[in-house]
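# Analysis of the macromolecular model
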Amino acid sequence: MNFEQHLRLHYDELSEMEKDMARYLHQYPEQVVDMTIVELGETLLSSKSSILRLAKRLGFHGFSEMKYVIKESLNQQTFTPEDLVSHLKEEIHQTFQYSEQTNFQPILDQLKRAQTVIIYATGFTQTNYSQDFSNDLFLSGRPNYLLSGETNFAMIAETLTARDFVIVTSLTGETPGIRETLKLLEINQVPLLSVTQFGKNYLSDHANYHLYYEITPLPSHIIHGATSMIALNVILTILARKYREFVLYDE
C-alpha cells in the first residue's frame, strides 16, 4: 500500500492531534522524507515517541518504514494527470502491492467450508465485476448465488446461518438500504467479507473479513465525478485465482 492508502484506512482511528500530524505528512511529503524523526518532531511540536506511535497507528513498523513508503509514494506520482494509461497501470500496480501484503488464507478457508456462498453487489459496475467473480468461482467448483436488489438480499439473509458466507462488493460501503440486513447477518453470526474502496466505512465495520481497492478519478465532459473501479475487478480476480490455487494445489 502507498502512504495515502495507509492514511485513509486508519485515519478515523487517530486522535485529533494524530490527525493534525498525519495531515502534515500528507500535505508536505517532500519535506518529510528529508527529515529525521527528531526534526519532524520539532516541526510538529511533538515528541519522538508520538511520531513513532503515529507510524504504528498508521500500520507501519516504525518511522523508517513510514518515511520509506512516503518516498516511494512520491516516486509513483511521476506521470501527468492526462496520461490515463499510466493511471491504469498505477491502479493495477497498487492493487497487486496491496494483495501481496494481505493474508487471503482465512477468506479462502471460509469460501471452501461454507455451505452456501452469497455474493451481493451494491451498484452497476460492482455487479458486472461480481458476475465475473461468480463465474470464476463456479469454474473452480465453488457454487454460489449472485443477488441483485436490496429486497432480495434482505429476504435471503433471513435464511442464512453461521455455516454460510456472504460477500458484499461496494464502492463507499455506506449503502443505507442494506444496513438492517448487515445487522441481521451480524446477529446471526453469518461470516461476511466486505470489498470496498480504501477507508473506514459501515460495511467494513460489520464484516469479519475485508478487502480494499483503490479508485481514481476519470476526466469526462459528460459525467461529473466519473471514477475508475478497475481495481475492484483486479482484487476480485486475485481472490478467485487464489481460491483456484487453493483447491487445486494446497489440499
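Here the structure is a predicted model, which is why all the values come from computation and not from measurement. (Residues numbered from 1 in each chain as written. Predicted model: local features only at pLDDT ≥ 70, side-chain atom pairs only at ≥ 80, totals over all residues. Heavy atoms only, no water.)

With respect to the helices, strands and loops of the structure, Lys-183 is situated in helix 11 (residues 179-187). For Lys-183, a relative accessible area of 36% puts it in the partly exposed group. Once the C-alpha coordinates of Lys-183 and His-206 are considered, the two residues, 23 residues apart in sequence, prove to be 7.5 Å apart. (Helix = DSSP H or I, 4+ residues; strand = E, 2+ residues; numbered from the N terminus. Buried < 20%, exposed > 50% of the residue type's maximum accessible area, 1.4 Å probe, protein only.)

As a further point, take the nonpolar core. In terms of nonpolar packing, the biggest core is built from 35 residues, with Phe-165, Ile-167, Leu-193, Val-195, Leu-211, Ile-235 and Leu-239 touching the most fellow members. At the level of secondary structure, the elements contributing two or more residues to this core comprise helix 8 (105-113), strand 1 (117-121), helix 9 (124-139), strand 3 (165-169), strand 4 (192-197), strand 5 (209-213) and helix 13 (230-249). Apart from residues no more than four positions distant in its own chain, Phe-165 is found in contact with Ile-107, Gln-110, Leu-111, Ala-114, Thr-116, Val-117, Ile-118, Pro-191, Leu-192, Leu-193 and Tyr-209. Met-21, Ala-22, Val-32 and Ile-37 belong to the second largest nonpolar core, which has 22 residues in total. (Core = buried A, V, L, I, M, F, W, Y, C linked by side-chain atoms within 4.5 Å. Contact = heavy atoms within 4.5 Å.)

Taking burial as the measure, the six residues of strand 4 include six buried ones, the bulk of the element. Note that strand 3 and strand 4 share four bridges and pair parallel. Counterpart to Thr-169 in the pairing with strand 4 is Val-195. In terms of handedness, the path from strand 3 via helix 11 over to strand 4 forms a crossover that is right-handed. Sheet topology note: the strand 4/strand 5 ladder contains five bridges and is parallel. Across the sheet, the residue bridging to Gln-197 is Tyr-213, located in strand 5. (Pairing = 2+ DSSP bridges. Right-handed = clockwise from strand over helix to strand, strands pointing away.)

The probe, sized like a water molecule, is rolled over the atoms to show the empty space still left. The volume enclosed by the second largest pocket comes to roughly 320 Å³. In terms of lining residues, the second largest pocket is bounded by 19 residues, among which Leu-9, Tyr-98, His-210, Leu-211 and Tyr-212 are the most central. For the lining of the second largest pocket, the secondary structure elements donating two or more residues are helix 1 (3-10), helix 8, helix 12 (202-205) and strand 5. When residues in the lining of the second largest pocket are grouped by element, the largest group, four residues, is from strand 5. Considering only residue class, the lining of the second largest pocket consists of eight nonpolar, eight polar and three charged. (1 Å grid on protein atoms, 1.4 Å probe; cavity = no way out; pocket = protein on both sides within 12 Å on 5 of 7 lines; lining within 4 Å. Points joined across faces, edges and corners; volume = space filled by probe spheres on them. Nonpolar A, V, L, I, M, F, W, Y, C, P; charged D, E, K, R; others polar.)

With that settled, consider the environment of Arg-241. Inspection of the secondary structure puts Arg-241 in helix 13. Between the C-alpha atoms of Arg-241 and Phe-96, which are 145 residues apart in sequence, the distance is 13 Å.

Next up on the list: the packing of helix 9 against helix 13. Packing of helix 9 against helix 13 brings their axes to within 9 Å, and their N-to-C directions diverge by 10°. One finds that helix 9 runs roughly parallel with respect to helix 13. Residues Gln-126, Tyr-129, Ser-130, Asp-132, Phe-133, Asp-136, Leu-137 and Leu-139 of helix 9 touch helix 13, and the partners they reach there are Ile-230, Leu-232, Asn-233, Leu-236, Leu-239, Ala-240, Tyr-243 and Arg-244. (Axes fitted to C-alpha atoms, helices over the stretch in contact; angles between N-to-C directions. Parallel < 35°, antiparallel > 145°, perpendicular 65-115°, else oblique.)

Once that is clear, we can look at helix 2 (residues 16-27). Every α-helical turn comprises 3.6 residues, leaving residues that sit three or four positions apart pointing alike. In a regular helix each residue adds 1.5 Å, so twelve residues correspond to 16 Å; helix 2 covers 17 Å between its end C-alpha atoms and thus fits that length. Taken together, the buried positions of helix 2 are Glu-18, Lys-19, Met-21, Ala-22, Tyr-24 and Leu-25. Summarising the contacts, the buried residues of helix 2 are in contact with helix 1, helix 3 (29-32), helix 4 (37-43), helix 5 (48-57) and helix 6 (63-75). (Expected span 1.5 Å × (residues − 1).)

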